[in-house]
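# Architecture and fold: a report
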Amino acid sequence: MSDTPKNIMITGGAGFIGSHVVRLFVTKYPESTIVNVDKLTYAGNLANLKDIENASNYKFYKADIADIDEMRKIISENKITGVIHLAAESHVDRSIKDPFTFARTNVMGTLSLLQAAKEYWESLPDKFENKLFYHISTDEVYGALELTNPEGVKAPFTTKASASDHTAFGVDFFTEETKYNPHSPYSASKASSDHFVRAYHDTYGLPTIVTNCSNNYGPYQFPEKLIPLFINNIMQNRPLPVYGKGENVRDWLFVEDHARAIDLIFHKGKPGDTYNIGGFNEWKNIDLIKVLIRTVDRLTGKPEGSSEHLITYVTDRLGHDMRYAIDSRKLQSELGWEPSLQFEEGIEKTVKWYLDNKEWVDNVTSGDYEKYYDKMYGDR
Ligand code: NAD
Ligand code: DAU
């Protein structure tokens, strides 16, 4: 979309990534109305948006994306022309315990939203012109990569790794052409939602874009995910539960760099297209955990590395994908995006944020914020 649409609906805006996207759009596009639609599950927290909640171009609706009538109402009431869809159940471990909630929100919720947007846009004189349904997805839909290539050559797994390093080492990574092969209930539900988005494009001509991003980290991430959970546990001198041998590899991107990519793709991406987003920043879990330990120790005045005794190897996650690694060269060459932060800077910023925002962490982990917002918005 070359022009910024007037009325943009962002779903899941009270969550981790969504709150960064809402903040970016509310501040960068004062002429647009940003409509945040979020069910406020355990993962949604309006405290993430305290700094912009009174902005004149910001509106919040507590609503379930699987409630199609509610979606129809919000979309037509606000004359929505662009949707950025982030609302989802996002945690793999929870999906292993309760796959049904993931199918309901991620699959049926996405389908309801697609249908509601399609109906509204079809009712307008200019129909799909200058409209966009942008679906945020994950690299996990592609399945898992090996740690080595068939000759046994290891991938670089360093902050300096780039696409050419990988090519030189002959180790693969996910491209936009990689066949879908999801393993967890979470990734199966996201894959299904991606297919529905593409089906609405191919069948009805709905202008859609799908992006698949690697692991995000940064401020406001719920402390059930590796990085914030471990920062919090190190701060509190609690055990650090490392799944299996800690050898799994993830490709990490600072959340504000993901939000910048979303902004760029929303405005310049080609409808019908897919873009991979990632920073060529692979880390073996155990190496990353040691970086976290050193950073928290240093910033809390302890001898660096003294918290390593907290590392506790526990039973592996069921079906634990070995390695994810994203090739984002298409986004870099076609739209000129690149990550702004080196990993060490991003980790430093993130650890400092969690140290400075203990109250946020306490509220989130104690469930107090849920009680507070229950009072404001009724039962969840
Ligand atoms: P999150 O769990 O922090 O936030 C999800 C938000 O969606 C919450 O605010 C929650 O209240 C809301 N939500 C859940 N169910 C809903 C429903 N039925 N109706 C309305 N709102 C609902 O998730 P996140 O980590 O910010 O991820 C956001 C999106 O990005 C997801 O679609 C996820 O699959 C995708 N993604 C995440 C990562 C990552 O590393 N976190 C990486 C790639 C893609
Ligand atoms: O790749 C993108 C995905 O990244 C997103 O789509 C998901 O929404 C997001 O949750 C994330 O999934 P992961 O499963 O990779 O993230 P998580 O933080 O749960 O785990 C990262 C790695 O750390 C993984 O190999 C499992 C391991 N781990 C995780 C936890 C919570 C542990 O060893 N111990 C833990 O306690």
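Residues numbered from 1 in each chain as written. Chains lettered and ligands numbered in written order. Predicted model: local features only at pLDDT ≥ 70, side-chain atom pairs only at ≥ 80, totals over all residues. Heavy atoms only, no water.

Turning our attention to the nonpolar core. Membership of the largest hydrophobic core comes to 33 residues, with the highest contact counts inside it found for I227, L240, L288, L292 and I347. If you list the elements that add at least two residues to this core, you get α7 (226–235), β8 (240–243), β9 (249–254), α9 (285–299), α11 (343–356) and α12 (358–366). Sort the elements by how many residues they give to this core and α9 lands first, with seven residues. For L288, the contacting residues outside a window of four places in its chain are L226, I227, W252, W283, F343 and I347. (Core = buried A, V, L, I, M, F, W, Y, C linked by side-chain atoms within 4.5 Å. Buried < 20%, exposed > 50% of the residue type's maximum accessible area, 1.4 Å probe, protein only. Helix = DSSP H or I, 4+ residues; strand = E, 2+ residues; numbered from the N terminus. Contact = heavy atoms within 4.5 Å.)

The local shell around ligand 1 holds 28 residues, among which I17, D38, S90, Y186 and K190 are the closest. Between ligand 1 and the protein, one listed contact pairs an oxygen atom with a backbone N or O atom of T41 at 3.0 Å. Starting from 840 Å² of accessible surface for ligand 1 in isolation, the protein chains cover 96%. Of all elements in the fold, only α1 (16–28), β5 (132–138), α6 (185–204) and β7 (215–217) reach the threshold of two or more residues within the shell around ligand 1. With three residues, β5 is the single largest residue contributor to the shell around ligand 1. A breakdown of the residues in the shell around ligand 1 according to their chemical character gives 13 nonpolar, eleven polar and four charged. (Near = heavy atom within 4 Å. Polar contact = N/O pair within 3.5 Å; in protein donor to acceptor, adjacent residues only side chain to side chain. Areas by Shrake-Rupley, 256 points an atom, 1.4 Å probe, with all protein chains shown as cover. Nonpolar A, V, L, I, M, F, W, Y, C, P; charged D, E, K, R; others polar.)

Next up on the list: the sheet that holds strand β6 (residues 208–213). Strand order in the open sheet made by the seven strands is β3-β2-β1-β4-β5-β6-β10, with parallel pairing throughout. The open sheet is flanked by β3 (58–62) and β10 (274–277), the only strands paired with a single partner. Here the average twist between neighbouring strands, direction ignored, is 20 degrees. Taken together, the five bridges between strand β1 (residues 7–11) and strand β2 (residues 33–38) define a ladder with parallel strand orientation. If you follow T11 over to β2, its bridge partner there is V37. Each of β5, β6 and β10 touches α6; the most contacted strand, β5, lies at about 155 degrees to it. (Pairing = 2+ DSSP bridges. Axes fitted to C-alpha atoms, helices over the stretch in contact; angles between N-to-C directions.)

The next thing to look at is the sheet that holds β9. Taken in spatial order, the three strands of this open sheet run β7-β9-β11, and their pairing is mixed. Two strands in the sheet have a free side with no partner beyond their single neighbour: β7 and β11 (282–284). For this sheet the average axis-to-axis angle between neighbouring strands, irrespective of direction, equals 50 degrees. Sheet analysis places β7 next to β9, joined by three bridges and oriented parallel. When the bridges of β9 are listed, N215 appears paired with W252.

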